[in-house]
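Chain by chain, the residues run as shown.
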Protein chains: 2
Amino acid sequence: MLENMFREAKKASYVLMNVNTDVKDSALSAIAEKLEANRVKIKNENLKDLDYARETGLSDALIDRLTLDDKRIDGMIQAVKDIRSQVDPVGKVVDGYKRPNGLYITKVKVPLGVVGIIFESRPNVTIDAAALCLKSGNVAILRGGKEAVHSNTYLGRLMKEAVAEAGLPKACVNIIEDTDRGLVMEMLKAKGSIDIMIPRGGKALIEFCTEHSLIPLVKHDDGICHVYIDKFADIEMAVSIAVNAKCQRVGVCNTMETLLVHEAVAETVLKRLEKAYGEHNVELRGCEHTAELISCKKAAEEDWSTEYLDYILSVKVVSSIDEAIEHINKYGSMHSESIVTENYTNSEMFLNMVDAAAVYVNASTRWTDGGEFGMGAEIGISTQKLHCRGPMGADDLTTTKYRIYGQGQIK
Amino acid sequence: MLENMFREAKKASYVLMNVNTDVKDSALSAIAEKLEANRVKIKNENLKDLDYARETGLSDALIDRLTLDDKRIDGMIQAVKDIRSQVDPVGKVVDGYKRPNGLYITKVKVPLGVVGIIFESRPNVTIDAAALCLKSGNVAILRGGKEAVHSNTYLGRLMKEAVAEAGLPKACVNIIEDTDRGLVMEMLKAKGSIDIMIPRGGKALIEFCTEHSLIPLVKHDDGICHVYIDKFADIEMAVSIAVNAKCQRVGVCNTMETLLVHEAVAETVLKRLEKAYGEHNVELRGCEHTAELISCKKAAEEDWSTEYLDYILSVKVVSSIDEAIEHINKYGSMHSESIVTENYTNSEMFLNMVDAAAVYVNASTRWTDGGEFGMGAEIGISTQKLHCRGPMGADDLTTTKYRIYGQGQIK
């Protein structure tokens, strides 16, 4: 069903791959202008989605994510402008040298080609993803959540008009308007047309894609993040970070799901945190040792590997930093991990030995984010080791090409 | 069946990830010494493979690839020494900056963890792959061709002794000694134990891995490489490159499989090449236009997408550089592509618009090789766009980690 879209996308990718930055930037400017000029229509289309969401009894939290008001539209416009103002990654020479035989080899960044993105119901992701793809010279094929289909379809139409105004093929931005699940499968099998797939979403989606995809994936997987409060922690700082990492926003991937505390400071720290978490109505699920110190539910084995995305926290008392690191490497999802300590050796040990995308000393795990890292926006946070790891910006939407200049060299 | 190996490999990876370069280098030195000291035993084990290969009627070409004589053992020792002398990629800071909130962010190269490699029958690959993994701090799980099982098993034993002498766990190097095909499937499903899989081999193996793997792949796929002789080519150079790219070695992935010639020079060039290829007994399969100029078989549609790995060449006359680029982007395998031209605009156009790992002006495609590119050795040539593209050395066996230093920052 999507064959035609895929073929046109691939064709457009050869055009987009070779245009200069100013063409891509003028398309981005046109997108920002169109969002500004069509606020009312955007909100009207969004209302259709919201009406349907209320009819089908979507939760308040999901309806909130789905809603496009003027403030959210401001945010979308700003994101496009931020992405436009970034340095174009395409063409950057990352390596270069002359070989003994005179071959002059350069290694340069080039677009990936066609990027397929499967994402959840937030319609602002549609704009972020398409804008990041455009900036990096990639054609985007976007498949958003079915709850946002009216909003996404209209935003897609605006973007198609914008790229056409900049002289680019409309097929540079593609929205899959049909919400049939089978179309996800069609994307995953479109080897030769789609160069990479970025699935963002829950465990079930990621596993489905991993099992069925014939196309290389960059996974935006779950976040089972830890804060470890070391024996040598500044207690005030530890409490402040532990509260922030859990309570500032519970439904996102960089939120702490398990707190680890060294036994030497466990009593002091946990008694203070019991009170603080109580004020936020956080349900605590502790190990045996924790249960001796504060009142909490008993943690089961599966708690250590659960992403709650809720006001729930598992807590474990450990007898050493080694035990903390071992626990994290066993149960964590290699997303964001933090140690609170004033001890230099322990801080370095944690930074070196924890196997994760982002490892912190004395800071909240909540900072892991493309915007906070200075990338303007992110297309996802990679929890895999291949291609890129952590927040993924325009720079990570490139591959490399060896350009080799000879004078007739034969082997 | 391999569960235990996978578990021990993962455990060992946390050790290997954190040792300094001198430990890894001393393990590499020990490997080189053991190869030197055990030449006779290596050749004896290899003889068992060769006897079996002759019994089962393996082709002379395959028997040649399988054979370990003193010259080949010299080559293996030299490769280990070359890899040892390379700069350790681990720990390289690739980016770093301070955010407005005072967070100090660095992005550093770290090992991937456990690398699974499936490869063909050449036993020297066993040494190259394990040495590259060691240098880059990765545990290797190697599954070679069944024809080389005695050689590989013995080489694995030597490498295990060598890493142990350097104080590393023996599980840093693992050889799958059983040649049961089902074990390949077990590797592909070992999510959580193996971090990346590198399949090297024929189309069938790559497709099998793509379909079944739950682990990210770096594919060492086929090579359908082209040389395009432009209207503005230096004819002498064009003939020399076209002969070299086809005839210097036919069974490898960077060999030319299709020759494209601009119609303006087709008659001159093809008449000279007809003679040169005749001397090498190259069978020519031409398009209609080609068949009018020289004597050749008629090319069928599937010829344009066939990797012959043999003394066969398909030939097409094109009416413009655009047609050549379009043909390459349609039928090529994004491996190595070359233009022969003296025209500046055409050379840049080809370099920019051809979508391949390595794009050449005025040189043979045969140069695409880790050794020739100065990497010491290669673990494969990636024909995909994710993670790395082209020859893959120790540097490409790393991922990155954000190390973030805070002073109590909360969001």
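Check the entry above for the structure.
Residues numbered from 1 in each chain as written. Chains lettered and ligands numbered in written order. Predicted model: local features only at pLDDT ≥ 70, side-chain atom pairs only at ≥ 80, totals over all residues. Heavy atoms only, no water.

## Thoughts on the pattern of salt bridges
Under the criterion given, the structure shown has 58 salt bridges over all chains. The partner of lysine 34 of chain A in a salt bridge is glutamate 161 of chain A, with the nearest N and O atoms 3.7 Å apart. Taken as a pair, lysine 34 of chain A in helix 2 (residues 21–37) and glutamate 161 of chain A in helix 7 (residues 149–165) lie far apart in primary sequence, 127 residues in all. Of the residues examined, lysine 34 of chain A reaches a relative accessible area of 14% and is grouped as buried. Across the pair aspartate 74 of chain B and arginine 39 of chain B runs a salt bridge whose closest N-O atoms are separated by 2.5 Å. Here aspartate 74 of chain B, found in helix 5 (residues 70–85), pairs with arginine 39 of chain B, found in helix 3 (residues 39–55); they are 35 residues apart in sequence, far enough to count as distant. Residue classification places arginine 39 of chain B among the buried residues on the basis of a relative accessible area of 15%. (Salt bridge = Lys/Arg side-chain N within 4 Å of Asp/Glu carboxyl O. Helix = DSSP H or I, 4+ residues; strand = E, 2+ residues; numbered from the N terminus. Buried < 20%, exposed > 50% of the residue type's maximum accessible area, 1.4 Å probe, protein only.)

## Notes on the sheet that holds strand 1 (residues 93–98) of chain A
Either a parallel or an antiparallel arrangement is found when strands of a sheet pair, and the pairing is made through backbone hydrogen bonds. The strand order 1(A)-2(A)-16(A)-13(B)-12(B)-7(B)-8(B)-11(B)-9(B)-10(B) describes an open sheet built from 10 strands, whose pairing is mixed. Bordering the open sheet on either side are strand 1 of chain A together with strand 10 (297–298) of chain B, each of which pairs with just one other strand. Bridging between strand 7 (residues 225–229) of chain B and strand 8 (residues 256–262) of chain B involves five bridges; their strand directions are parallel. Its bridge partner being in strand 8 of chain B, histidine 226 of chain B is matched across the sheet by threonine 258 of chain B. Together, strand 7, strand 8, strand 9 (283–286) and strand 11 (312–318) of chain B form the strand contacts of helix 11 (residues 263–279) of chain B, whose direction differs from that of strand 8 of chain B by roughly 140 degrees. Strands in contact with helix 14 (residues 344–353) of chain B are strand 16 (398–409) of chain A together with strand 7, strand 12 (336–340) and strand 13 (358–363) of chain B; relative to strand 16 of chain A, the strand with the most contacts, it is inclined by about 145 degrees. (Pairing = 2+ DSSP bridges. Contact = heavy atoms within 4.5 Å. Axes fitted to C-alpha atoms, helices over the stretch in contact; angles between N-to-C directions.)

## Some points on the packing of aromatic side chains
We describe a pair of aromatic rings using the distance from one ring centre to the other and the angle between the two ring planes. Residue and element names in this part refer to chain A. Within the structure shown, the criterion is met by six aromatic pairs over all chains. Considering the side-chain rings of tyrosine 228 and phenylalanine 350, the 6.5 Å spacing of their centres and the 20 degrees angle between planes classify their relative orientation as stacked. In this pair, tyrosine 228 is assigned in strand 7 (residues 225–229) and phenylalanine 350 in helix 14 (residues 344–353), connecting sequence segments 122 residues apart. The buried category is assigned to tyrosine 228, whose relative accessible area is 0%. On the accessibility criterion, phenylalanine 350 (0% relative accessible area) is buried. Here the guanidinium or amino end of lysine 316 rests over the ring plane of tryptophan 304, the centre of that ring lying 5.7 Å away. (Phe/Tyr/Trp six-rings, centres within 6.5 Å; stacked < 30°, edge-to-face > 60°. Lys NZ or Arg CZ within 6 Å of the ring centre and 35° of its normal.)

## Things to note about the pairing of strand 12 of chain B
Residue and element names in this part refer to chain B. Buried residues dominate strand 12, accounting for five of its five residues. A two-sided burial pattern is seen for strand 12, the buried positions comprising Ser336, Ser338 and Val340 on one face and Glu337 and Ile339 on the other. Relative to strand 12, strand 7 is paired through four bridges, and the arrangement is parallel. Across the sheet, the residue bridging to isoleucine 229 is valine 340, located in strand 12. Of the strand pairs in this sheet, strand 12 and strand 13 are connected by four bridges, and their pairing is parallel. Bridge pairing links isoleucine 339 to valine 361 in strand 13. The β-α-β motif built from strand 12, the intervening helix 14 and the parallel element strand 13 has right-handed crossover chirality. (Right-handed = clockwise from strand over helix to strand, strands pointing away.)

## So, the interface of chain A and chain B
Taken together, the 74 residues of chain A in the interface contact 74 residues of chain B. A combined buried area of about 6200 Å² lies between chain A and chain B, and 51% of that area is made up of carbon and sulfur atoms. In terms of surface lost to chain B, no three residues of chain A exceed Leu386, Tyr402 and Lys411 of chain A, which account for 13% of the buried area on that side. Counting every contact that joins chain A to chain B gives six salt bridges. Residue aspartate 195 of chain A is joined to lysine 385 of chain B by a salt bridge in which the shortest nitrogen-to-oxygen separation is 3.2 Å. Counting the contacts that link chain A with chain B gives 44 residue pairs in polar contact (both at pLDDT 80 or more). Breaking the side of chain A that touches chain B down by element, the ones donating at least two residues are helix 1 (3–16), strand 2 (104–111), helix 9 (203–212), helix 10 (235–247), helix 14, strand 13 (358–363), strand 15 (390–392) and strand 16 of chain A. At 11 residues, the largest contribution of residues to the side of chain A that touches chain B is made by strand 16 of chain A. (Buried area = accessible area lost by both parts, 1.4 Å probe. Polar contact = N/O pair within 3.5 Å; in protein donor to acceptor, adjacent residues only side chain to side chain.)

## Considerations on the sheet that holds strand 1 (residues 93–98) of chain B
Taking strand neighbours across the sheet as the criterion, the 10 strands line up as 10(A)-9(A)-11(A)-8(A)-7(A)-12(A)-13(A)-16(B)-2(B)-1(B) in an open arrangement whose pairing is mixed. Both outer strands of the open sheet, strand 10 (297–298) of chain A together with strand 1 of chain B, are each paired with one neighbouring strand and no more. Relative to strand 2 (residues 104–111) of chain B, strand 1 of chain B runs antiparallel, the two being bridged by five bridges. Bridge pairing links aspartate 95 of chain B to lysine 107 of chain B in strand 2 of chain B. Helix-sheet contacts for helix 10 of chain A involve strand 7, strand 8 (256–262), strand 11 (312–318), strand 12 (336–340) and strand 13 of chain A together with strand 16 (398–409) of chain B, and the interaxial angle to strand 8 of chain A is about 160 degrees. The strands that helix 14 of chain A touches are strand 7, strand 12 and strand 13 of chain A together with strand 16 of chain B; relative to strand 16 of chain B, the one it contacts most, it runs at about 145 degrees.

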